[in-house]
Amino acid sequence: MATRSRARHFHATAKALNAAASTRNEVDGMLLTAQVSDVDIQSIIAGVGAEGAIIEAPFEAAPAQFQLPASEMPAEDLVALHEELRWAESKLMQASERLAEAQEARRKDLVALAIMRRELLGSFAAERAWLRGSMRYFGDMQPALVSREQELSHLVESGVRTEQVIHELAAVRAERKLFDIAVAQSHAQLARIDENESSSEYQVASESYEREPDGASMRELARLRALSTRQRREAVRMRGEASGMLEELGLVGGMGEITAANAFLAAEYEGDERSAERMDRVRAAQFDLELGRLPEPQAAFKSALKHPVHFMRARRTTR
């Protein structure tokens with residue numbers, strides 16, 4: 001009887017761990033931290049015509065009018081963290097396959113079970129480290145973008161509406177909004193990791209629950225259940241806030257990359273060319289959107305006649 005009970009606990013724990021591993025990277029059906037270059041995004045970017053024909057996207061890359069500052073998070077360090085995440089995911093997949101083989105053969109492989117738990121926790125830690133590294137990069141960019149946007153916005157409000165000022169303001173504002181949504185998405189993803197980790201710990205504990213538990217076991221299970229509930233609510237709240245920011249910031253719709261801007265911006269910074277191309281498309285679309293919300297540009301000589309002081313200041317700050 002004891003042997004059957006231990007075997008039942010083994011298979012129940014293995015089932016819970018495999019369930020946690022199978023959903024560990026997915027949020028709303030999108031894989032955020034794997035090879036982003038493998039995502040087929042053409043139909044999302046370009047759209048599909050009435051007869052199913054692909055329509056070429058009309059966007060062109062926005063002019064590079066603002067140079068992003070250097071980040072204290074070197075791109076090489078972020079690449080190293082991403083490689084560690086991919087390695088952790090690879091080890092988790094191998095551990096999952098070994099545990100699944102033991103289950104299929106109805107074997108109780110306690111070593112495989114221990115390795116699976118270790119690799120699952122390791123993958124959570126690796127993803128957290130990569131996300132925090134990405135957020136360091138995003139955080140380094142935000143102050144410079146906000147400062148430049150305020151400076152250009154003040155010029156426009158003062159009456160200086162030359163083409164150079166208007167276009168640079170549209171480009172900087174588009175870039176700032178992309179980094180804002182990337183930070184919100186990163187916070188939501190961190191909350192999702194916490195939820196997955198606490199949920200898997202609770203599932204393992206509940207599946208391994210003894211028929212005659214002691215008081216300590218019952219208290220620990222109640223603690224894990226309460227923690228899992230809190231983390232789930234927090235993850236739902238953070239995910240809702242990130243989704244709400246898409247509309248609140250007035251970001252361009254119909255482009256799949258915008259829903260995972262944090263992953264694409266981080267991959268772009270790491271040097272992934274395809275991610276850079278996709279983010280350039282998003283920037284171009286957002287640039288056109290922001291340009292349409294700003295006043296029409298006017299000739300430079302008109303601004304010089306109307307607002308000579310602000311015009312000279314604009315010439316100094318936009319060269």
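The text that follows walks through the structure, step by step, so that each part is easy to find. (Residues numbered from 1 in each chain as written. Predicted model: local features only at pLDDT ≥ 70, side-chain atom pairs only at ≥ 80, totals over all residues. Heavy atoms only, no water.)

## Here we look at the overall build of the protein chain
Line of reasoning, step 1. A tally of regular secondary structure across the protein chain gives 10 helices and two strands.
Line of reasoning, step 2. Ordered by position from N to C terminus, the α and β elements of the protein chain give α-β-β-α-α-α-α-α-α-α-α-α.
Line of reasoning, step 3. A separation of at least 24 residues holds for 82% of the contacts in the protein chain among residues at least 6 apart in sequence. (Helix = DSSP H or I, 4+ residues; strand = E, 2+ residues; numbered from the N terminus. Contact = heavy atoms within 4.5 Å.)

## Here we look at the side chain of Ser 71
Line of reasoning, step 1. Here Ser 71 lies in the loop between helix 2 (42-46) and helix 3 (75-104).
Line of reasoning, step 2. Of the polar contacts made by the side chain of Ser 71, one reaches the backbone nitrogen of Met 73; its length is 3.0 Å.
Line of reasoning, step 3. Of note is the side chain of Ser 71, whose polar atom sits 2.7 Å from the side chain of Asp 140.
Line of reasoning, step 4. When near neighbours in sequence (up to four residues on either side) are disregarded, Ser 71 contacts Arg 136, Tyr 137, Asp 140, Met 141 and Tyr 269. (Polar contact = N/O pair within 3.5 Å; in protein donor to acceptor, adjacent residues only side chain to side chain.)

## Considerations on helix 6 (residues 215-248)
It helps to recall that an α-helix has 3.6 residues per turn; residues three or four apart then point in one direction.
Line of reasoning, step 1. In this model helix 6 runs 49 Å from its N-terminal to its C-terminal C-alpha over 34 residues, within 8% of the 50 Å that 1.5 Å per residue would give.
Line of reasoning, step 2. Those residues of helix 6 that sit buried are Leu 221, Leu 224, Ser 228, Gln 231, Ala 235, Met 238, Ala 242 and Met 245.
Line of reasoning, step 3. Residues of helix 6 that are buried make contact with helix 5 (163-207).
Line of reasoning, step 4. Once helix 6 ends, the next one or two residues include Gly 250, with phi positive near 70 degrees. (Expected span 1.5 Å × (residues − 1). Buried < 20%, exposed > 50% of the residue type's maximum accessible area, 1.4 Å probe, protein only.)

## Some remarks on the packing of aromatic side chains
Line of reasoning, step 1. With the rule as written, the count across this model stands at four aromatic pairs.
Line of reasoning, step 2. Aromatic side chains Tyr 137 and Phe 138 sit 5.7 Å apart centroid to centroid with 50 degrees between the ring planes, which places their arrangement in the tilted category.
Line of reasoning, step 3. Judged by its relative accessible area of 0%, Phe 138 is buried.
Line of reasoning, step 4. Relative to Phe 179, the ring of Phe 138 lies with its centre 5.9 Å away and its plane at 70 degrees, an arrangement referred to as edge-to-face. Of the two residues, Phe 138 sits in helix 4 (residues 110-157) while Phe 179 sits in helix 5, which places them 41 residues apart along the sequence. Grouping residues by exposure puts Phe 138 and Phe 179 together as buried. (Phe/Tyr/Trp six-rings, centres within 6.5 Å; stacked < 30°, edge-to-face > 60°.)

## A few points about the pattern of salt bridges
Line of reasoning, step 1. Tallied over the full model, the rule gives 20 salt bridges.
Line of reasoning, step 2. Glu 268 serves as the salt-bridge partner of Arg 283, at 2.8 Å between the closest nitrogen and oxygen. Of the two residues, Arg 283 is situated in helix 8 (residues 273-293) and Glu 268 in helix 7 (residues 261-270); the sequence distance between them amounts to 15 residues.
Line of reasoning, step 3. By relative accessible area, which is 14% here, Arg 283 ends up buried.
Line of reasoning, step 4. According to the relative accessible area criterion, Glu 268 is buried, its value standing at 18%. (Salt bridge = Lys/Arg side-chain N within 4 Å of Asp/Glu carboxyl O.)

## Here's the deal with unusual backbone geometry
Line of reasoning, step 1. The phi dihedral of Arg 106 falls on the positive side, at around 55 degrees, and the residue is not glycine.
Line of reasoning, step 2. One can find Arg 106 in the loop between helix 3 and helix 4.
Line of reasoning, step 3. Exposure remark for Arg 106: the relative accessible area of 62% places this residue in the exposed category.

## Examining the environment of Leu 17
Line of reasoning, step 1. Take Leu 17: it is sitting in helix 1 (residues 2-22).
Line of reasoning, step 2. A relative accessible area of 3% places Leu 17 in the buried class.
Line of reasoning, step 3. Separated by 96 residues in sequence, Leu 17 and Leu 113 place their C-alpha atoms 8.5 Å apart.

## Things to note about helix 4
Line of reasoning, step 1. With 48 residues, helix 4 should cover 70 Å at 1.5 Å per step; its first-to-last C-alpha distance of 69 Å lies within 8% of that length.
Line of reasoning, step 2. Just past helix 4, the residue Gly 159 takes up positive phi, approximately 110 degrees.

## Observations concerning the packing of helix 5 against helix 7
Line of reasoning, step 1. Here helix 5 crosses helix 7 at 110 degrees, and the two axes come no closer than 7 Å. For the element pair helix 5 / helix 7, the angle class is roughly perpendicular. In this structure, helix 5 meets helix 7 at a crossing whose hand is left-handed. On helix 7, the residues that touch Leu 178, Phe 179, Ile 181, Ala 182, Gln 185, Ser 186 and Gln 189 of helix 5 are Ala 261, Asn 262 and Leu 265.
Line of reasoning, step 2. The residue makeup of the contact of helix 5 with helix 7, split by class, is six nonpolar, four polar and no charged. (Axes fitted to C-alpha atoms, helices over the stretch in contact; angles between N-to-C directions. Parallel < 35°, antiparallel > 145°, perpendicular 65-115°, else oblique. Left-handed = near helix turned anticlockwise from the far one by under 90°. Nonpolar A, V, L, I, M, F, W, Y, C, P; charged D, E, K, R; others polar.)

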